[in-house]
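Close look at the chain arrangement
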Amino acid sequence: MKQVPNAMVEQRTTVGFKGVDSLCPYCGVGCALTFRVDASGERILDVQGRDGAANAGRLCVKGRYGYDYAMHPQRLRKPLIRRESSYPKQPLSGDVKGNGGGPRKPGGIVDYDEILPHFREASWDEALDLVANRLAGLRDRHGGDSLAGFGSAKGSNEEAYLFQKLVRAAFRTNNVDHCTRLCHASSVAALLEGIGSGAVTNVVRDIENADTAMLAGCNPTDNHPVAATFIKDAAVNGTKLVVVNTRRPRIADHAEIYLQIHPGTDVALFNGMMHVLIRENLIDREFIDTRTEGFSELRKVVEEYDPDTTAALCGVDPDDLVRAARLLGGGRRAMIFWGMGISQHTHGTDNSRCLISLAMITGNVGKPGTGLHPLRGQNNVQGASDAGLIPMVYPDYQAVDDPGVQAYFEDYWGTSLSPKPGLTVTEIMGAALEGQVRGMYVQGENPFVSDPDTNKVRKALMALEFLVVQDLFLTETAEFADVILPGSSFMEKLGTYTNTDRRVQIGRPAMSLPGEARQDWEIICEIGTRMGYEMRYESVSAVFDEFAGCTENYKTLSHENLGRYGKWYPCLDPATSDGEPIVFGDTFPRGKALLVPARLRQPEEHVDSDYPLILNTGRVLEHWHTGSMTRRSAALDRISPDAFVEINPEDAARLHVVDGAMVEVASRRGSIRLKAKVVPRVAEGTVFVPMHFREACANVLTSPALDPQGKIPTFKYCAVRVRPLEGASHGKEAMGG
Ligand SMILES: Nc1nc2c(c(=O)[nH]1)N[C@H]1C(S)=C(S)[C@@H](COP(=O)(O)OP(=O)(O)OC[C@H]3O[C@@H](n4cnc5c(=O)[nH]c(N)nc54)[C@H](O)[C@@H]3O)O[C@H]1N2
Ligand SMILES: Nc1nc2c(c(=O)[nH]1)N[C@H]1C(S)=C(S)[C@@H](COP(=O)(O)OP(=O)(O)OC[C@H]3O[C@@H](n4cnc5c(=O)[nH]c(N)nc54)[C@H](O)[C@@H]3O)O[C@H]1N2
Ligand code: SF4
Ligand SMILES: [Mo]
């Protein structure tokens, strides 16, 4: 592929072009689009929205302008091997304490000139043999559990399926996980316990049939932007929105009621709402009797949460709490959407349990305009989970410690398998630090920037005896690698992706691979085969068929019958049906839904006079997680170039922080320097830092404390202090280097 300056990418050309029907590579909304590609097949000219089930032709700024990362000159083009002289390993681009860390191009991207000399180019054969030999050597000397793999929710179902198969069958361990652990793991734990399925019950666009929609701990305008447009349409047509958040999201402008609660007090709020619903008899008795169990225990617990006490705990007006409850019950059709403000807490599972109970006691499941919708984040996090990129389960959530299931997969894959559930993302980092995990394969994740407590992650990555990273770019994580493999971007590959609505859709290749980069799925298979476990497939669709063969919800689907528009699963007869937009009308996978009560628990981390503020972390519209893609997208980086911390005007005045000035934010684990934005949308006593900017890495601050069931870290709650930096100017140069 030729290198193209970004400016040229935006130019239209009059020479011939072809249209490729595909998908947006970013979020779980799963918008369908058409790439217009120039005649050479090496350059995307522009993108048009396509009339997919999730987007009806709409796209957000990332879908429309965010594709050029794939054409960035920093794309990896050849396998790289770390030079002998670069051992023992040191962090290459600065220590990322958050205060600048290393040389950067404008836009925060590391200057490769400083890093590349630590690696040498290698042939694929040399690199793949090295990877296979080192991993197999560790496996044979120390056992399969000395290895671990992080797969990717940015990749396809086929890649996710192959990756977990590689780890289980060739590494011989269940230590395989992905970013779902940092995301909706707690929601899924509560949903599996409560109803026996982790996927959404109703699709986003069913909101047009809802009387009420509650949006708890999510910010759809920035994070699920096209879904947000359908939510706003519904609001215009009469659906009442109840928004629950700690930092006013833009969707609150359309809300009937906005509840700005104290961080981490959702359990109390939802219990208080259930208290009102039961007291005022706005519940659905028949649904409770026929479809649920555990109501009397739930009733006892929520009895303790009268509106006045609860509202005080949560910092909201008791009348608003009562009004919000009334909007959800009394036979109104209500939908519940939720996001990371619910799941990323040490009580994330409890938060979701309460939302499930709220839906159940009001009979709001299984009908149009109702249901439970944990908004999925990555374009394929639903599919990657379905395909078994989870340490405790094979594809289709089948437990690895169930002897019947183990026997089935031993037969299906023709090898013996470990019955021991594996470690999660966060546990793997701990085990690496302690020397139990010695070798790792990271494909399409950037844990150095996305995992909590960066200083701990750095030590863990440095402690590994062998690390192979397969990415599009030389990421912050890849700086710790022994071998770096250049993979395929979304725009270069064929595969299926499952969106937040359970819709399985095909992404099609629009461009050729750059340099010697290879297809991710082929690299995974090569490693397996070279480790002694044969993995050979004729095509991507053959991989899909093997995956569908062991995964109930996909059994009827194939590349052929997914066609241009895809299908919702379950889909009994793809020839005649589009699949099911609404599920569980008669029964739940576990039979009756289990109502599991929860009480408000104190957070692990406490504020005190040294660390008096609560840190909330999250996202901005234009950037994607660790920035490796969007900070290499010209339009997106231009709109949102800098890290910032939002601080309330009252706190700012007290701390002598002015808008635009440089400040230091410190937690008990580390500190970062960035620009202050003084805004009332964050509550007094709280601050907000987006996670995208490696030079002011939010996760230097965050705590690795975990939810006991979901094992998800508490990204939404840690104690910090803010101080102005003396003599700091407003410019970028003050961000250190
Ligand atoms: N632009 C963009 N879009 C994305 C992504 C991205 O990186 N960039 N990532 C994708 C992924 S993987 C995911 S998981 C989704 C995440 O999408 P969201 O779930 O919307 O994610 P966040 O912005 O992290 O957090 C959601 C909200 O929780 C609020 N919150 C914080 N603490 C609390 C609390 O204690 N209680 C309540 N009720 N709310 C609280 C925050 O203020 C924030 O508005 O976005 C996806 N979409
Ligand atoms: N503080 C804080 N931290 C958080 C969160 C938060 O709210 N606050 N949210 C958490 C959540 S919800 C999530 S989902 C995680 C996300 O964490 P990560 O998944 O680690 O973040 P990404 O930046 O999406 O990483 C994707 C990587 O894959 C590469 N990539 C993209 N496409 C491909 C491909 O097709 N093939 C290959 N081989 N590589 C590819 C990209 O270059 C990038 O390096 O972050 C978590 N971390
Ligand atoms: S809403 Fe999500 S899937 Fe749709 S265009 Fe935007 S980022 Fe892409
Ligand atoms: Mo996520």
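If you're wondering where the values come from, they're calculated on a predicted model, not measured in any experiment.

This next bit is on the sheet that holds strand 8 (residues 212-216). Read across the open sheet, the five strands follow the order 10-9-8-12-13; overall the sheet is parallel. Lying at the two open borders of the sheet, with one neighbouring strand each, are strand 10 (257-260) and strand 13 (371-374). Here the average twist between neighbouring strands, direction ignored, is 15°. Here five bridges tie strand 8 to strand 12 (residues 334-338), and the two strands are oriented parallel to one another. Each residue of the ladder has a partner; that of Met-214, found in strand 12, is Ile-336.

In the vicinity of ligand 2, 34 residues are found, and the nearest of them are Ser-450, Asp-471, Lys-493, Thr-626 and Asn-699. A distance of 3.1 Å separates a nitrogen atom of ligand 2 from a polar atom in the side chain of Gln-344. Interatomic distance of 2.7 Å between a side-chain N/O atom of Asp-471 and an oxygen atom of ligand 2. When isolated, ligand 2 has an accessible area of 920 Å², and the protein chains bury 99% of it. In terms of residue class, the shell around ligand 2 is built from 11 nonpolar, 16 polar and seven charged. Built from parts of two domains, the shell around ligand 2 gets at least three residues from each of domain 1 (80-183 + 382-568) and domain 3 (613-734).

So, about the pattern of salt bridges. One pass over the full model with this rule turns up 45 salt bridges. Salt-bridge contacts for Arg-58 lead to Asp-233; the nearest nitrogen and oxygen are separated by 2.9 Å. Here Asp-233 lies in helix 7 (residues 225-236) and Arg-58 lies in the loop between strand 3 (44-49) and helix 2 (61-65), a separation of 175 residues in the sequence. Residues participating in the shared-partner salt-bridge network are Asp-125, Asp-129, Glu-526 and Arg-530.

A few words on the sheet that holds strand 7 (residues 176-177). Pairing is mixed across the open sheet formed by seven strands, whose spatial order is 5-4-18-17-16-6-7. Looking at the sheet topology across the chains shown, the edges are occupied by strand 5 (119-121) and strand 7. Alignment of strand 4 (residues 80-82) against strand 5, held across three bridges, turns out to be antiparallel. Pairing of Leu-80 across the sheet is with Glu-121, part of strand 5. In the packing of helix 20 (residues 520-530) onto the sheet, the strands contacted are strand 16 (439-443), strand 17 (466-471) and strand 18 (483-486), and the crossing angle to strand 16 comes to about 160°.

Here the bond from Tyr-87 into Pro-88 is cis, since omega is -10°, no more than 30 degrees from zero. Along the polypeptide, Pro-88 turns up in the loop between strand 4 and strand 5. Of note, the amide linkage connecting Tyr-569 to Pro-570 takes the cis form, showing an omega dihedral of -5°. Tracing the sequence through the fold places Pro-570 in the loop between strand 21 (567-568) and strand 22 (593-594). Not every positive phi belongs to a glycine, and Arg-172 is a case in point at roughly 70°. As for its placement among the helices and strands, Arg-172 is situated in the loop between helix 4 (157-171) and strand 7. Residue classification places Arg-172 among the partly exposed residues on the basis of a relative accessible area of 35%. Its identity is not glycine, yet His-625 carries a phi of approximately 35°, on the positive side. With respect to the helices and strands, His-625 occurs in the loop between strand 23 (613-618) and helix 23 (634-639). For His-625, a relative accessible area of 16% puts it in the buried group.

Let us now look at the packing of aromatic side chains. Under the defined criterion, the tally for this structure stands at 18 aromatic pairs. On the basis of an interplanar angle of 85° and a centroid distance of 5.0 Å, the ring pair of Tyr-408 and Phe-409 is categorised as edge-to-face. Pairing Tyr-408 with Tyr-412 gives two aromatic rings, centres 5.5 Å apart and planes at 20°, and the pair type is stacked. Here Tyr-412 and Tyr-408 lie together in helix 16 (residues 403-413), a separation of four residues that amounts to about one turn. Judged by its relative accessible area of 29%, Tyr-412 falls in the partly exposed class. One aromatic cluster in this structure is built from Tyr-161, Tyr-394, Tyr-408, Phe-409, Tyr-412, Trp-413, Phe-544, Phe-547, Tyr-554 and Tyr-569. Between Arg-247 and the ring centre of Phe-688, over which it is positioned, the NZ or CZ distance is 3.7 Å.

Not every one of the 32 residues close to ligand 1 is listed here, only the nearest: Asn-245, Asp-266, Met-340, Arg-619 and His-623. One nitrogen or oxygen atom from the main chain of Val-244 is found 3.4 Å from a nitrogen atom belonging to ligand 1. Protein burial of ligand 1: of its 910 Å² of free accessible surface, 99% is covered by the chains. Broken down by secondary-structure element, the contributors of at least two residues to the shell around ligand 1 are helix 6 (220-223), strand 9 (240-245), helix 13 (340-343) and strand 23. Residue composition of the shell around ligand 1, grouped by class: nine nonpolar, 17 polar and six charged. Residue-level mapping places the shell around ligand 1 at the junction of two domains, with at least three residues from each of domain 2 (185-374) and domain 3 (613-734).

Between helix 4 and helix 21 (residues 540-549), the shortest axis-to-axis distance is 9 Å and the interhelical angle comes to 65°. Between helix 4 and helix 21 lies a crossing whose hand is left-handed. Residues Asn-157, Glu-158, Tyr-161, Leu-162 and Lys-165 of helix 4 pack against Val-540, Val-543, Phe-544, Glu-546 and Phe-547 of helix 21. Tallied by class, residues from the contact of helix 4 with helix 21 come to six nonpolar, one polar and three charged.

Moving on, we come to the domain arrangement of the protein. Reports often express the size of an interface as the amount of accessible area lost when the parts come together. Domain annotation for the protein reports domain 1 (80-183 + 382-568), domain 2 (185-374) and domain 3 (613-734). The gap between the C-alpha centroids of domain 1 and domain 2 is 35 Å. Every contact between the two is made by nine residues of domain 1 and, on the other side, 12 residues of domain 2. Both faces combined, the contact of domain 1 with domain 2 buries some 930 Å², and carbon together with sulfur accounts for 53% of it.

A separate point is the state of the cysteines. Counted according to the given criterion, the structure contains zero disulfides. Between Cys-525, a free cysteine, and Cys-550, which holds the nearest cysteine sulfur, the sulfur-to-sulfur gap is 15 Å.

Tracing the sequence through the fold places Asp-68 in the loop between helix 2 and strand 4. Comment: no salt bridge for buried Asp-68; closest opposite-charge side chain is Arg-638, at 7.1 Å. At 2.9 Å, the side chain of Asp-68 forms a polar contact with the backbone nitrogen of Ala-634.

Next up on the list: helix 5 (residues 185-194). Burial of helix 5 is extensive: seven of the 10 residues sit out of reach of the surface. Those residues of helix 5 not exposed but buried are Ala-185, Ser-186, Ser-187, Val-188, Ala-190, Leu-191 and Gly-194. Where helix 5 is buried, its residues touch strand 12, helix 13, helix 14 (348-361), strand 13 and strand 22.

Before going further, it helps to spend a moment on the packing of helix 8 (residues 266-279) against helix 11 (residues 307-314). The contact between helix 8 and helix 11 brings their axes to 9 Å, and the two run at 160°. The angle between the axes of helix 8 and helix 11 places the two elements in the roughly antiparallel class. Along this stretch, helix 8 crosses helix 11, giving a crossing that reads as left-handed. Side by side, helix 8 and helix 11 meet where Ala-268, Leu-269, Gly-272, His-275, Val-276 and Arg-279 of the first sit next to Pro-307, Thr-310, Leu-313 and Cys-314 of the second. Residues of the contact of helix 8 with helix 11, tallied by class, amount to six nonpolar, three polar and one charged.

Calculation rules
All residue numbers refer to positions counted from 1 along the written sequence of the respective chain. A letter from A marks each chain and a number from 1 marks each ligand, given out in the order of writing. The predicted nature of this model means local features are confined to residues of pLDDT at least 70 and side-chain atom pairs, given and counted, to a pLDDT of 80 or more, with totals for whole chains, interfaces and linings taken over all residues. Computation of side-chain values covers all heavy atoms of the structure but excludes hydrogens and water. Strands are treated as partners if at least two bridges between them are detected by DSSP. Each helix is a run of DSSP H or I of at least 4 residues and each strand a run of E of at least 2, with the numbering of both proceeding from the N terminus. Note on geometry: axes are C-alpha line fits, over the in-contact stretch for helices, and angles between N-to-C directions span 0 to 180 degrees. Here a residue counts as near a molecule or strand whenever at least one of its heavy atoms sits within 4 Å of it. Here a polar contact is taken to be a pair of N or O atoms separated by no more than 3.5 Å, where protein atoms must pair a possible hydrogen donor with a possible acceptor and residues adjacent in sequence count only if both atoms sit in side chains. Surface accessibility in these figures is a Shrake-Rupley result with a 1.4 Å probe; residues are shielded only by whichever protein chains are displayed. Residue polarity is assigned by list, with Asp, Glu, Lys and Arg as charged and Ala, Val, Leu, Ile, Met, Phe, Trp, Tyr, Cys and Pro as nonpolar; anything else, Gly included, falls into the polar class. Boundary definitions for the domains trace back to an automatic or database domain assignment. A side-chain nitrogen of Lys or Arg and a carboxyl oxygen of Asp or Glu constitute a salt bridge if their distance falls within 4 Å. Residues are treated as being in contact if the distance between any of their heavy atoms lies within 4.5 Å. Burial here depends on accessible area, computed with a 1.4 Å probe over protein chains only, as a share of the maximum for the residue type. Under 20% is buried, over 50% is exposed, and the range in between is partly exposed. Under the pairing criterion, centres of Phe, Tyr and Trp rings, with the six-membered ring standing for Trp, must be within 6.5 Å; the plane angle then separates stacked pairs below 30 degrees from edge-to-face pairs above 60, leaving the rest tilted. Lysine NZ or arginine CZ positioned within 6 Å of the ring centre and within 35 degrees of the ring normal marks a charge as sitting over the ring. Note on convention: near helix rotated counterclockwise from far helix by under a right angle means a left-handed crossing. Clockwise means right-handed. By definition, the buried area sums, over both parts, the 1.4 Å-probe accessible area that each loses when the two are put together. Any cysteine sulfur atom paired with another within 2.5 Å is treated as part of a disulfide. For the purpose of charge, His is not counted, nor are the chain termini; Lys and Arg are scored as positive and Asp and Glu as negative. An angle below 35 degrees is treated as roughly parallel, one above 145 as roughly antiparallel, one from 65 to 115 as roughly perpendicular, and anything else as oblique.

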